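One-letter residues, chain by chain:
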Amino acid sequence: MIVVTGATGRTGRAAAEALLAKGEKVRVIGRDAKKMAPFVELGAKSFVGNVVDVASMTEAFSGASAVYLVLPEDISQQDLRAHQERVSDCYAAAITNAKVRFVVSLSSIGAQHAKNTGPIVGLHNLEQKLIRIAGLNVLHLRAAYFMENLFMSVEPLRSMGTLPGGLQGGVQIPWIATKDIGGYAAIRLAARDFSGSSIQELQGQRDISMNEAASIVGHSIGMPNLAYAQVPSMTLGQGLVTMGLPKKTAELIIEMWDGANAGLIVPQEARSAKNTTPTTLESFVTEVFAPAYLKSDRSS
């Protein structure tokens, strides 16, 4: 039995679907049974659990040959960092209690740092907590910048006519589609071919600057001259709060972008066939982002 946390999220969904397609026995964990129903139809077992309740997660992980751990992306939390710590504490205790031997955890490029990287610090701390569990074989997937982060720019793009963000426009960074992360996690969960504590970076198909990303997006949504605009941190933070994010969460996101601009969130591995994934930003924008953007544009 392979257990997948965050199964209704982006990488968890992709991992669960890939495992079920391989014929693996899968238990999906989530907060809403209705949202997990499609997995049950495909043959999975579902478990409605609370990620900050040790007894609940211990039961969820019971009998698992491997577990995929994902910290929830709950940016509505009034104190996101404190929530991350509660979840990772719970995960570590439950993994220990259930005597799980193999874990694949979703982490991030930049997770080697213990400070100044916003929410990535929570992933650093999760890595450290799992490393300390005696006898656990854990693979930390340090993934690149999510292509899906473009969806945060939909409303500002529509109102401003530019693609705004906190990153420097000309600096190339690795971008990855979350389906590629989930697909890779499924392969390693099924193989269980790792021992001790190890790290695997996932760097996406290639490095792309925000300026180039704006051009790619613009050509797909009928705005061929679309430009990228780096927004000052203070202005960006105020904008995030206006969009509804709690102040502390907005501050963490700004800290992450500032950390990236300071060179803290960069790959530690040279690009290779092993850490390169297939989905291009062009195909993601054409197949996923542009249809959603244009649909919302027509309905507004």
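As shown above, the structure is provided for reference.
Computed from a predicted structure; not experimentally measured.

1. A look at the nonpolar core
Move 1: Formed by 35 residues in total, the largest nonpolar core has its most connected members in Val28, Phe39, Tyr68, Val104, Ile181 and Leu189.
Move 2: Contributing elements (two or more residues each) for this core: strand E1 (2–4), helix H1 (10–21), strand E2 (26–30), helix H2 (33–41), strand E4 (66–69), strand E5 (102–108), strand E6 (137–143) and helix H7 (178–191).
Move 3: With 5 residues, H7 is the single largest residue contributor to this core.
Move 4: Ignoring any residue separated from it by four or fewer positions in sequence, one finds Leu189 in contact with Ile2, Leu19, Ala66, Val67, Tyr68 and Val104.
Move 5: Formed by 33 residues, the second largest nonpolar core is a distinct cluster that contains Ala213, Ala214, Tyr228 and Leu281.

2. Quick notes on the pattern of salt bridges
Move 1: Under the defined criterion, the tally for this structure stands at 12 salt bridges.
Move 2: Between Glu255 and Arg81 there is a salt bridge whose closest N-O contact spans 3.1 Å. Taken as a pair, Glu255 in helix H10 (residues 247–261) and Arg81 in helix H4 (residues 80–97) lie far apart in primary sequence, 174 residues in all.
Move 3: Glu255 sits in the partly exposed class, given a relative accessible area of 25%.
Move 4: Since its relative accessible area comes to 28%, Arg81 is described here as partly exposed.

Cut-offs and rules
- Residues numbered from 1 in each chain as written.
- Predicted model: local features only at pLDDT ≥ 70, side-chain atom pairs only at ≥ 80, totals over all residues.
- Heavy atoms only, no water.
- Core = buried A, V, L, I, M, F, W, Y, C linked by side-chain atoms within 4.5 Å.
- Buried < 20%, exposed > 50% of the residue type's maximum accessible area, 1.4 Å probe, protein only.
- Helix = DSSP H or I, 4+ residues; strand = E, 2+ residues; numbered from the N terminus.
- Contact = heavy atoms within 4.5 Å.
- Salt bridge = Lys/Arg side-chain N within 4 Å of Asp/Glu carboxyl O.

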